Amino acid sequence: MRKLPSWIVLVSIGAISCAPDAGSPGTVVYEGARLIIGDETPPIEDGVFVVADGRFVAVGARSEVTTPAGATRVNLAGKTVMPAMINVHAHVGYEGYTSWRPENQTSENILDHMQRAAFYGTAATVSIGTSPTELSLQFERDQRAGKFPPASRYLFMPGMAPPNGGPDRVLREATNVLRVVNEVTTPDEARAAVQRMVSQQIEHVKMWVDDRGGNYPKLAPEVYEAIVDEAHRHGMTVHAHAIRLADQKAVVAAGADVLVHMVQRQPLDEEFLALLREKRPYWATVIGLGDTPNGVCARDPFFEQALPDSLIAAIRAETERRSLAANCGPPRQARESQMAINFPQMLEAGARVVLATDTGIHPGHTFGSGEHVELARWVQLGMTPAQAIVAATSRPAELMGLADLGTLAAGKRAAFIVLDANPLDDIRNTRTISSVYLDGARFDREALLPRFKGMDPTP
Ligand SMILES: [Zn+2]
């Protein structure tokens, strides 16, 4: 092959992939891509956006955007750009590639998870209910202070449950070791726990309302009503885990801001739908990972690229083992049919879907890819791709109070995904990631891959 003159190589690197590093003062004009803004507005064909100091300065159609002279120009013709995603529901820190245990809770492991989330296009990730408070708050402070390399922004949310209630058995055992769940029995204890969170500047809280088929104590109504009341008194939002119709009704009636999970085995009723129409809660569906952990059972290279072969083999073995069990036979089909009815009913009634994955909750539920599984699941159940992108970007930003993320708009941080194909045509095109940008800087995905792929099994 003919060797190119070195100046051509330099120019093409400059034009295609070389944006300034974080903090560099250069202004960059990105031109020619289809822009999916992330709100309800239609996409902009042949769009142009300008980034300086890590933020969008202008975003629009080519005819509307004035581009500064002397700026670096990046040609994105043929590409589609969407905002980086925001995941409001993951369980960070326990998973360590082939191990899954409380001892993995270190800032190094949190950073690894946040880098894997960023690799797959997620700009902020909420660890909900199961992370150790002090370690998490310290990580948030250190990340804000710029002590870590670029990664998804880590957001900590504590959880509340009765003693020995809350997370499922696997996660319960791990959280018990670290004593991370705020255990409350009475309304007074609930209010005191919320007030402690307020004193730590915590703005969101999770509560579990679930007796796990009669095996767990369940938060009493007067206790969760006290949680919601005390939280709202201090401007906090409440995410409520509930999986049965009666519990979902009760927590929405009590004023929970976010309904976590989906009723999958019971039909909904008019009373619940009327309640949704009245309260319009956010809805963290969390339906993707339960079906196809990491997409690995689908043998999709998009998911396998960032996992060691030993872990892929382990996940596959576990998936095959489970598919022999009853939950993959006829009962699962019954559940599927019920979900196909319930999901559009929830949407129609006004439940406001937000991206939530439960990533990290069990061994093998690894970080990053679950977001793409969840989006595809929504569309399969009746959402449009445009609605799915709103639910993964601007809406979770609004819910979590992240005013600087969630859309392609002047003033926001330049956190975006460049795609080779249009996800409005097929939501699975969110997997055609060409590059990810955080704070206006290209996230170096290639540099992380050898570590992701080559991570040794931990005994
Ligand atoms: Zn969860």
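Residues numbered from 1 in each chain as written. Predicted model: local features only at pLDDT ≥ 70, side-chain atom pairs only at ≥ 80, totals over all residues. Heavy atoms only, no water.

Participant: How would you sum up the overall build of the protein? Please name residues and give values.
Facilitator: A count of helical and extended segments in the protein gives 15 helices and 20 strands. Relative to its 459 residues, the protein shows a buried fraction of 55%. Within the protein, counting contacts between residues at least 6 apart in sequence, those at least 24 apart form 70% of the total. Per element, the accessible surface of the protein, about 18900 Å² overall, is 53% carbon and sulfur. (Helix = DSSP H or I, 4+ residues; strand = E, 2+ residues; numbered from the N terminus. Buried < 20%, exposed > 50% of the residue type's maximum accessible area, 1.4 Å probe, protein only. Contact = heavy atoms within 4.5 Å. Areas by Shrake-Rupley, 256 points an atom, 1.4 Å probe, with all protein chains shown as cover.)

Participant: Please provide a residue-by-residue account of the coordination of the zinc ion, values included.
Facilitator: All of the protein donors around the zinc ion are H89 (NE2), H91 (NE2) and D358 (OD); their distances to the metal are 2.0 to 2.2 Å. Residue classification places D358 among the buried positions, given a relative accessible area of 11%. (Donors = N, O, S within 2.8 Å, 3.2 Å for Na, K, Ca; no water.)

Participant: Describe the environment of F302, listing the residues and the values that go with them.
Facilitator: Tracing the backbone through its elements, the reader meets F302 in helix α9 (residues 301–304). Once the C-alpha coordinates of F302 and S369 are considered, the two residues, 67 residues apart in sequence, prove to be 8.1 Å apart. The contacts of F302, once residues within four sequence positions are left out, are Y120, H372, R431 and I433.

Participant: Can you lay out the pattern of salt bridges for me, pointing to particular residues and giving the numbers?
Facilitator: Per the counting criterion, the structure on display carries 27 salt bridges. Between D309 and K453 there is a salt bridge; the shortest N-O distance is 3.1 Å. Here D309, found in helix α10 (residues 309–323), pairs with K453, found in helix α15 (residues 445–454); they are 144 residues apart in sequence, far enough to count as distant. The residue R352 makes a salt bridge to E398 at a minimum N-O spacing of 3.7 Å. (Salt bridge = Lys/Arg side-chain N within 4 Å of Asp/Glu carboxyl O.)

Participant: An account of the nonpolar core is requested, with residue identities and associated values reported.
Facilitator: Most often, soluble globular proteins have nonpolar side chains that are buried together. Ranked by internal contacts, the top residues of the largest apolar core, which has 104 residues, are V88, M160, M207 and W378. For this core, the leading source of residues is helix α6 (residues 221–233), giving 6 residues. Not counting residues up to four positions away in its chain, the partners in contact with V88 are V126, I128, A284, V354, L355, A356, P396, L399 and M400. The next biggest cluster of nonpolar side chains, apart from the first, holds 16 residues, and it includes V28, V74, L408 and A414. (Core = buried A, V, L, I, M, F, W, Y, C linked by side-chain atoms within 4.5 Å.)

Participant: Run through the pairing of strand β3 (residues 55–61), naming residues and quoting values.
Facilitator: Relative to β3, strand β2 (residues 44–52) is paired through 6 bridges, and the arrangement is antiparallel. Opposite V48, over in β3, you have G60 as the bridge partner. Turn length for the β2-β3 hairpin, with the two strands adjacent in sequence and antiparallel, is 2 residues, and the turn residue D53 shows positive phi of about 50°. (Pairing = 2+ DSSP bridges.)

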